[in-house]
Amino acid sequence: MKTVKNKTALITGASSGIGEAFAYELAKQGVNLILTARSEGKLNLLANKISSDYKVKVTVFTGDLLQKDTPFKLYDQIKQAGLSVDLLINNAGFGKWANFLDESIQQYEDMIEVNINALVKLCHLVLPDMLKKGEGGIINVASTGALQPCPYVAAYCASKSFVLNFSEALYGEYNKKGIAITALCPGNTTTGFQSIAKANTNGMSADTPELVAKQGINALLKNRSFKIVGVMNYAQSFLPRFLTRKAMINVVSGMMNGKVNG
Ligand SMILES: NC(=O)c1ccc[n+]([C@@H]2O[C@H](COP(=O)([O-])OP(=O)(O)OC[C@H]3O[C@@H](n4cnc5c(N)ncnc54)[C@H](OP(=O)(O)O)[C@@H]3O)[C@@H](O)[C@H]2O)c1
C-alpha cells in the first residue's frame, strides 16, 4: 500500500485512546472512516468533529465485540451502506493487571473474545475483498507485552502474543498478494487502558496515542510486518534474545509483582 489517501478505513475501538488517534491521523491523510465501538455518543461526537475539520466521509456503526456475531453484523452493515474496507485497524481491546486467580474466568473469556476472536473474524471478513482489489492494509494492535511471557498480566499479554504471531503469519501468506499487514506493538500509552486494567504504571515512561497511530500508519506504508513503538521499547525488545526464557520470566515477574502486589 503506497498511500492511504482516498481509501476507506474501518477502525475498531475508535471511541477513545489509540483508536481515536488513528481516526484523526487517517482523516488528516485523506482517509474516509468507518468508526466502531460500544460508546455511541463518543463515536458520534468524534465523527462530527472529524467531518467538520477534514474533507472525509465518516460513518459510525456501534457494536459490542463481546457478542460473537458483532463482526459479521458490522461487515453486513458496511456492505449495505455501499462501503468497502481498504484498511482495517483492529484496535479494540483491553487488559487486566492482576494475579491470575484474582480475575474471574468470565473476564478472561471476554478479553479473549475482544482481543483475539473478533480480530481474527474481521481479518477473515475483509481479506477476500482486499485480495479481489489486489491491495489492502491491516494494522492489528498488539503490545510490547506480546514479546515475552508476562507474569501478573498473563492472559492479556498472551492474547497480544497471539495477535503478533497471527499478524506476522498473515503477512507471510498475503503480503506477496498485495496486502500490507502490520502488527503494532505499543508500550505504555496514555489512554483509558490503565484505569480499565487497574494498571499501576507509576514510574513508567509513556507514549501518546498520537505517536502510536502515526508510527503504525508509517510502518504499514513501509510494508513492515511489525512495529515496536518508541526507541526504548525497541531496545528492550532485544532482551529475550540475550536472556534464557526462564531468566526473562524472572525479570518480568519481579517487575510486575511489584506493580500488582507492591
Ligand atoms: N494504552 C496502552 O498502554 C496500550 C499498550 C499496548 C497496547 N494497547 C492496546 O491498544 C488498543 C487500544 O487501547 P487503548 O490504549 O486506546 O485503550 P482505551 O482508551 O481503553 O480504548 C479501548 C477501545 O476499545 C473499545 N472496546 C473495548 N471493549 C470493547 C467491546 N467489547 N466492543 C467494542 N469495542 C470495545 C473501547 O470502546 P467502547 O468502550 O466504547 O466500546 C475503546 O474505544 C487495545 O487493543 C490495547 O490492548 C494499549
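Just so it is clear, the structure is predicted and the values come from calculations on it, not from any experiment. (Residues numbered from 1 in each chain as written. Predicted model: local features only at pLDDT ≥ 70, side-chain atom pairs only at ≥ 80, totals over all residues.)

Points about the nonpolar core
One finds Ala9, Ile11, Ala23, Leu33, Leu35 and Cys185 to be the most contacted residues of the largest nonpolar core, which totals 69 residues. Here the element with the most residues in this core is helix 4 (residues 105-133); it accounts for nine residues. Not counting residues within four places of it along the chain, the set of residues in contact with Ala23 comprises Ile11, Ala14, Leu33, Leu35, Leu46 and Ile50. (Core = buried A, V, L, I, M, F, W, Y, C linked by C-beta atoms within 7 Å. Buried ≥ 20, exposed ≤ 12 C-beta atoms within 10 Å, placed from the backbone. Helix = DSSP H or I, 4+ residues; strand = E, 2+ residues; numbered from the N terminus. Contact = placed C-beta atoms within 7 Å.)

Observations regarding helix 4
Over its 29 residues, helix 4 runs 41 Å from end to end, which matches the ideal 42 Å to within 8%, given 1.5 Å per residue. The set of residues buried in helix 4 consists of Met111, Val114, Asn115, Ala118, Leu119, Leu122, Cys123, Val126, Leu127 and Met130. Of the surrounding elements, those touching the buried residues of helix 4 are helix 3 (70-80), strand 4 (87-90), strand 5 (136-141), helix 5 (154-174) and strand 6 (179-185). Count one or two residues on from helix 4 and you reach Gly134, which has phi positive near 75°. (Expected span 1.5 Å × (residues − 1).)

Overview of unusual backbone geometry
Outside of glycine, negative phi angles account for most residues, and trans bonds account for most peptide bonds. Positive phi values are uncommon outside glycine, yet Asn6 reaches one of about 65°. A positive phi angle, near 50°, is found at Lys198, a position not held by glycine. Secondary-structure assignment places Lys198 in the loop between helix 6 (193-197) and helix 7 (209-221). For Lys198, a count of 13 C-beta atoms within 10 Å translates into the label partly exposed.

Observations concerning the pairing of strand 4
Every second residue of strand 4 is oriented toward a common face, with Leu87 and Ile89 on one face and Leu88 and Asn90 on the other, all of them buried. In this sheet, strand 4 lies alongside strand 1 (residues 8-12) in parallel orientation, the contact comprising three bridges. Its bridge partner lying in strand 4, Leu10 is registered against Leu88. Note: strand 4 against strand 5, four bridges, orientation parallel. Note that in strand 5 the partner of Leu88 across the bridge is Ile138. Taken together, strand 4, helix 4 and strand 5 constitute a β-α-β crossover, and its handedness is right-handed. (Pairing = 2+ DSSP bridges. Right-handed = clockwise from strand over helix to strand, strands pointing away.)

Let's talk about the pairing of strand 2 (residues 32-36)
A large share of strand 2 lies buried, amounting to four of its five residues. Strand direction decides the pairing type here: strand 1 and strand 2, joined by five bridges, are parallel. Note on strand 2: the bridge partner recorded for Thr12 is Thr36. Chirality of the crossover, the property in question, places the unit of strand 1, helix 1 (residues 17-28) and strand 2 among those that are right-handed. Here strand 2 pairs with strand 3 (residues 58-60) via three bridges, running parallel. Within strand 3, the residue paired with Leu33 across the bridge is Val58. What joins strand 2 to strand 3 is helix 2 (residues 40-53), and the crossover it makes is right-handed.

Considering the site of the ligand
The local shell around the ligand holds 29 residues, among which Gly13, Gly17, Arg38, Ser39 and Gly93 are the closest. At the level of secondary structure, the elements contributing two or more residues to the shell around the ligand comprise helix 1 and helix 6. Here the element with the most residues in the shell around the ligand is helix 1; it accounts for three residues. Within the shell around the ligand, the residues separate by chemical class into 13 nonpolar, 14 polar and two charged. (Near = placed C-beta within 6 Å. Nonpolar A, V, L, I, M, F, W, Y, C, P; charged D, E, K, R; others polar.)

This is a description of form; function is not addressed.
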